[in-house]
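Read off the chains here:
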Amino acid sequence: MPRVNIPPLTRVCLVICICLSILTGSLRYRAYINRLPQQSEDGSTSEPPESQLFTVPYLTVVPALSIVFPWTFVIATFVEQNIFTLTITLVTLFYGGKYLERAWGSMEFGKFLLVTSLVPNFATFVIYVAWFAITGNYIKSFTTICGANALQAGFLVAFKQLVPEYTVTIFKGIVKIRVKHFPAIFLLMNTLSGPIFGTDVSAILAWLGFLSSWTYLRFYKRSFPDLGSDQAPSLKGDASETFAIAYFFPDPLNRPVAIFSNAVYNILLTLKICTPFSAAEVTTSNSQAQLRDQSTLFGTTAPGNSGRAVSARAEAERRRELALKALDQRLYAAANKAGAGPAVLGETTLDTADAGPSHN
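All values derive from a computational prediction rather than experimental measurement. (Residues numbered from 1 in each chain as written. Predicted model: local features only at pLDDT ≥ 70, side-chain atom pairs only at ≥ 80, totals over all residues. Heavy atoms only, no water.)

Draft legend 1. A look at the overall build of the protein chain. When its secondary structure is counted, the protein chain shows eleven helices and six strands. When each of the 360 residues of the protein chain is scored for burial, the buried share is 40%. Considering only contacts within the protein chain whose residues lie at least 6 apart along the sequence, 68% involve residues at least 24 apart. Entry remark: accessible area of the protein chain is about 19900 Å², with carbon and sulfur atoms responsible for 64%. (Helix = DSSP H or I, 4+ residues; strand = E, 2+ residues; numbered from the N terminus. Buried < 20%, exposed > 50% of the residue type's maximum accessible area, 1.4 Å probe, protein only. Contact = heavy atoms within 4.5 Å. Areas by Shrake-Rupley, 256 points an atom, 1.4 Å probe, with all protein chains shown as cover.)

What follows is the structure in structure tokens.
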């Protein structure tokens, strides 16, 4: 039987997800059994109060109770409440976690997991506290916030960055979808399921996971100027035009999303929360994006050449050429910048008649 090679952090996440989900389910079931209507000595039965909710505030985020259990803002991501969502999460962690941890390394993958777990869970906690404060609906303050929807959205954003043109074929080739379209499909499904099936927590987590993961990858994550080099990461964020947030949505929505996101970005620049990308960073990121467009989900071979192996020497030569090209472009951009003066690259290239790329 072949050995399954799972990176260490992905293996830990799988074990934690299984253990926490089983533990949470067991505790909720025990609480439910203990609070069933019990018959008294005189033959009458006592019903539990309708407001009694079977929550586990020290393993999941419960707005009214979990503020004293701060670790729940991280571990709640790995708690699922039914076998169906648990299966989806385990598959997501197994395949997505393996790929991203090998592509980024355990340290960077761990940072990504922390961001896409902590930020969405805490923001959802604040939303439900505000919901209760505004409406007075106490049920909202006892809502259980858990699940890997935010993490799944983050994984799709990462795949859109790394292998945007890879095509996933399902139903024996009947349906073909490119990876770059998956985030929008995922958000649409969760947005519709919220009001229809009452899964508003999943919808909110999905959107917050999408926004937090994109923000981290766009502005903060360190990466290598040359994929596959041994040098220290020196490129902060991803300034490529194709990774602008407008490109995550269908073409008719590109223009309004780009205009809105650019307005928000300019406000963040004014508040000095974000810094504009330099010309060299944009050039290098665009070069990397062009290379990723030719990559597949499990290798660096273009889809038309998937049957031919690429030798190690040819791969090393290709990476060397890419590094030299990127260096030349950065030097050229830096020279032009020195002559023309600094430019604010956060502004979109859209005008009111066209929906072009945005750098935010």
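Additional details are given in the paragraphs that follow.
Draft legend 2. The packing of helix α1 (residues 8–34) against helix α4 (residues 106–135), seen in detail. Contact pair α1 / α4: the axes reach a minimum separation of 9 Å and the direction vectors enclose 35 degrees. Where α1 approaches α4, its residues Pro8, Leu9, Thr10 and Cys13 are matched on the opposing element by Ser106, Phe109, Gly110 and Leu113. Class assignment of the residues belonging to the contact of α1 with α4 gives a composition of five nonpolar, three polar and no charged. (Axes fitted to C-alpha atoms, helices over the stretch in contact; angles between N-to-C directions. Nonpolar A, V, L, I, M, F, W, Y, C, P; charged D, E, K, R; others polar.)

Draft legend 3. Spotlight on the layout of surface pockets. By volume, the largest pocket is sized at about 1200 Å³. Lining of the largest pocket is provided by 37 residues; of these, Ile88, Thr92, Gln152, Leu156 and Phe186 occupy positions nearest its centre. For the lining of the largest pocket, the secondary structure elements donating two or more residues are α3 (83–104), α6 (149–162), α7 (182–197) and α8 (200–219). Residue contributions to the lining of the largest pocket peak at ten residues, all from α3. (1 Å grid on protein atoms, 1.4 Å probe; cavity = no way out; pocket = protein on both sides within 12 Å on 5 of 7 lines; lining within 4 Å. Points joined across faces, edges and corners; volume = space filled by probe spheres on them.)

Draft legend 4. Geometry of the environment of Val15. Tracing the backbone shows Val15 in helix α1. On the basis of relative accessibility, which here comes to 45%, the residue Val15 falls in the partly exposed class. Taking the C-alpha atoms as reference points, Val15 and Phe78, separated by 63 residues in sequence, lie 9.6 Å from one another.

Draft legend 5. The confidence of the model for the protein chain, seen in detail. In the predicted model, the protein chain carries a mean pLDDT of 81, and the fraction of residues at 70 or more is 73%. Here strand β1 (residues 38–39) stands out as the element of the protein chain with the lowest mean pLDDT, 51, in contrast to helix α2 (residues 72–75), whose mean of 97 is the highest. This model gives residues 300–313 a pLDDT under 50, and the stretch forms 14 contacts once residues within four places in sequence are excluded. Predicted confidence is poor over residues 341–357, with pLDDT under 50, and the contacts of this stretch with residues over four places away or in other chains come to 35 contacts. (pLDDT = per-residue confidence, 0-100.)

Draft legend 6. Spotlight on the pairing of strand β4 (residues 175–178). Note that strand β3 (residues 167–170) and β4 share four bridges and pair antiparallel. The residue bridging Thr167 from the neighbouring strand is Arg178, located in β4. Linkage of β3 to β4, two consecutive antiparallel strands, is achieved through a turn of four residues, within which Phe171 is found at a positive phi near 55 degrees. (Pairing = 2+ DSSP bridges.)

Draft legend 7. Spotlight on the packing of aromatic side chains. Inspection of the entire model under this criterion finds 21 aromatic pairs. The interplanar angle of 90 degrees and the centroid separation of 4.9 Å between the aromatic rings of Phe94 and Tyr95 together place this pair among those described as edge-to-face. Look at Phe210 and Phe248: their rings are 5.3 Å apart centre to centre, the planes differ by 75 degrees, and that puts the pair in the edge-to-face class. With Phe210 in helix α8 and Phe248 in the loop between β6 (235–236) and α9 (251–270), this residue pair connects regions lying 38 residues apart in the sequence. Here the aromatic cluster, defined as three or more aromatic residues joined through ring pairs, consists of Trp104, Phe109, Phe112, Phe155 and Tyr216. Positioned over the ring face of Phe248 is Lys160, at 4.7 Å from the centre of the ring. (Phe/Tyr/Trp six-rings, centres within 6.5 Å; stacked < 30°, edge-to-face > 60°. Lys NZ or Arg CZ within 6 Å of the ring centre and 35° of its normal.)

Draft legend 8. Examining unusual backbone geometry more closely. Located in the positive-phi region is Lys272, a residue other than glycine, with phi close to 60 degrees. Following the sequence through the fold, Lys272 ends up in the loop between α9 and α10 (279–293). Looking at Lys272, the relative accessible area reads 74%, which means it is exposed.

Draft legend 9. Up close: α8. Along its 20 residues, α8 runs 29 Å from first to last C-alpha, staying within 8% of the 28 Å computed at 1.5 Å per residue. Burial analysis of α8 places 15 of its 20 residues in the buried class, which makes it a mostly covered element. (Expected span 1.5 Å × (residues − 1).)

Draft legend 10. Spatial organisation of the nonpolar core. Ranked by internal contacts, the top residues of the largest apolar core, which has 60 residues, are Leu93, Leu100, Trp104, Phe112, Phe155, Phe210 and Leu217. Broken down by secondary-structure element, the contributors of at least two residues to this core are α1, α3, α4, α6, α7, α8 and α9. In terms of residue count, the dominant contributor to this core is α8 (ten residues). Every residue in contact with Trp104, bar those within four places of it in the chain, is listed here: Phe109, Phe112, Ala158, Gln161, Leu162, Leu217 and Lys221. (Core = buried A, V, L, I, M, F, W, Y, C linked by side-chain atoms within 4.5 Å.)

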